[in-house]
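Architecture at a glance
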Amino acid sequence: MHIVDQILSRVLGLQVNLYACEARLEAGTDPEALHDLRIAVRRLRSLLHPLRAHESVLLIRNAAAAVGQLTTPVRDLEVLATELERRGAIEAAAIRRASLHELYLEVLGSPELDRLFMSLDLWPSDFRSSERDGDFANIEFKISRQLKKQINKLSVTLHTKTHDPHELRLLTKRLRYGSEAYPKLSPVTSDSFQLLRAAQSALGDWHDRYQWCLRANEDVDLQGLVPEWQQESKRYLADAELTLGKLSALIKTN
């Protein structure tokens, strides 16, 4: 199957997945519905990222980005509630969970989600029209070049003494999902991919704790957990940087 056909098929598959996630969120009985919707949106954005200069792709990418932005604080609240339950802070967790139902309804009724589904419905014909116009010539070369730029940027950032962990997290996430979208075109081998996933997971855990510590400045009921979160934050960040160092060295030898 030609890569343009593969992209079209995968976008249609993600569209079906998004509709299923929407239905699960409406039912209100699946705690992973929003998380899975966000993953589908992230995969959609990563799949189309190398083609973002094309008009037929820009609209759908912007719509997906808007849904990602809209749902981020809701997902953050879910994760915090789960963490509080794990720590035995049941009352604090219940306070956060009480607002989630209304937030889910806001997501479901949002213009951002409507716009994404509308864009997905219109997209296949626009994409085929762009293909007929020759917009996707040398597409495999362009995707491969984009992924190589991502790994180079990550490597340079790692070797900068004052690198920003927030930037590391975003670069790692972008490379992980880009490599997942185009495994045959990525410089990240299957063995290296496991390191990449581990690093992204550690950076995600670090970022959660960083955010919770900031939130504790305003939420008094979180302040007792700050010392533990700070300790864990340092450990997760060290784990991530060690894993990314191994990944960077491994990719350079390939």
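The text that follows walks through the structure, step by step, so that each part is easy to find.

It is worth spelling out the overall build of the chain at this point. When helices and strands are counted, the chain shows 10 helices and zero strands. Reading the helices (α) and strands (β) of the chain from amino to carboxyl end gives α-α-α-α-α-α-α-α-α-α. Principal axes of the C-alpha set define a box for the chain whose edges measure 60 × 45 × 25 Å. Within the chain, buried positions represent 45% of all 254 residues. For the chain, long-range pairs separated by at least 24 residues make up 73% of all intrachain contacts whose partners lie at least 6 apart in sequence. Accessible area for the chain stands at about 13400 Å²; split by element, carbon and sulfur atoms hold 52% of it. Here the chain contributes 34 positive and 35 negative side-chain charges, whose respective centroids are spaced 8 Å apart.

Before going further, it helps to spend a moment on the packing of helix α2 (residues 33-48) against helix α8 (residues 165-181). The description of two packed helices rests on the angle between their axes and on the distance between the axes. Taken N-terminus to C-terminus, the directions of α2 and α8 make an angle of 75 degrees; their axes are 9 Å apart at the nearest point. By the angle class used here, α2 and α8 are roughly perpendicular. Note on element contacts: α8 touches α2 through K173, Y177, G178, E180 and A181, opposite I39, R42, R43, S46 and L47. Taken together, the residues of the contact of α2 with α8 break down into four nonpolar, two polar and four charged.

Let's shift gears to the side chain of S233. Of note, S233 is situated in helix α10 (residues 226-253). Looking at S233, the relative accessible area reads 11%, which means it is buried. In this structure, S233 is in contact with W206 and R209, ignoring residues within four places of it in sequence.

A word on the packing of aromatic side chains. This structure, assessed with the given rule, holds four aromatic pairs. Centre to centre, the rings of W212 and W229 are 5.1 Å apart; their planes meet at 50 degrees, and the pair counts as tilted. Highlighted residues: W212 in helix α9 (residues 190-215) and W229 in helix α10, separated in sequence by 17 residues. The same class applies to W212 and to W229, which are both buried. Sitting above the plane of the Y177 ring, R176 keeps its charged end 4.6 Å from the centroid. Here the guanidinium or amino end of R235 rests over the ring plane of Y236, the centre of that ring lying 5.1 Å away.

Rules behind the numbers
Residues numbered from 1 in each chain as written. Predicted model: local features only at pLDDT ≥ 70, side-chain atom pairs only at ≥ 80, totals over all residues. Heavy atoms only, no water. Helix = DSSP H or I, 4+ residues; strand = E, 2+ residues; numbered from the N terminus. Buried < 20%, exposed > 50% of the residue type's maximum accessible area, 1.4 Å probe, protein only. Contact = heavy atoms within 4.5 Å. Areas by Shrake-Rupley, 256 points an atom, 1.4 Å probe, with all protein chains shown as cover. Lys, Arg positive; Asp, Glu negative; His and termini not counted. Charge placed at Lys NZ, Arg CZ, Asp CG, Glu CD. Axes fitted to C-alpha atoms, helices over the stretch in contact; angles between N-to-C directions. Parallel < 35°, antiparallel > 145°, perpendicular 65-115°, else oblique. Nonpolar A, V, L, I, M, F, W, Y, C, P; charged D, E, K, R; others polar. Phe/Tyr/Trp six-rings, centres within 6.5 Å; stacked < 30°, edge-to-face > 60°. Lys NZ or Arg CZ within 6 Å of the ring centre and 35° of its normal.

Just geometry here; none of it tells us what the structure is for.
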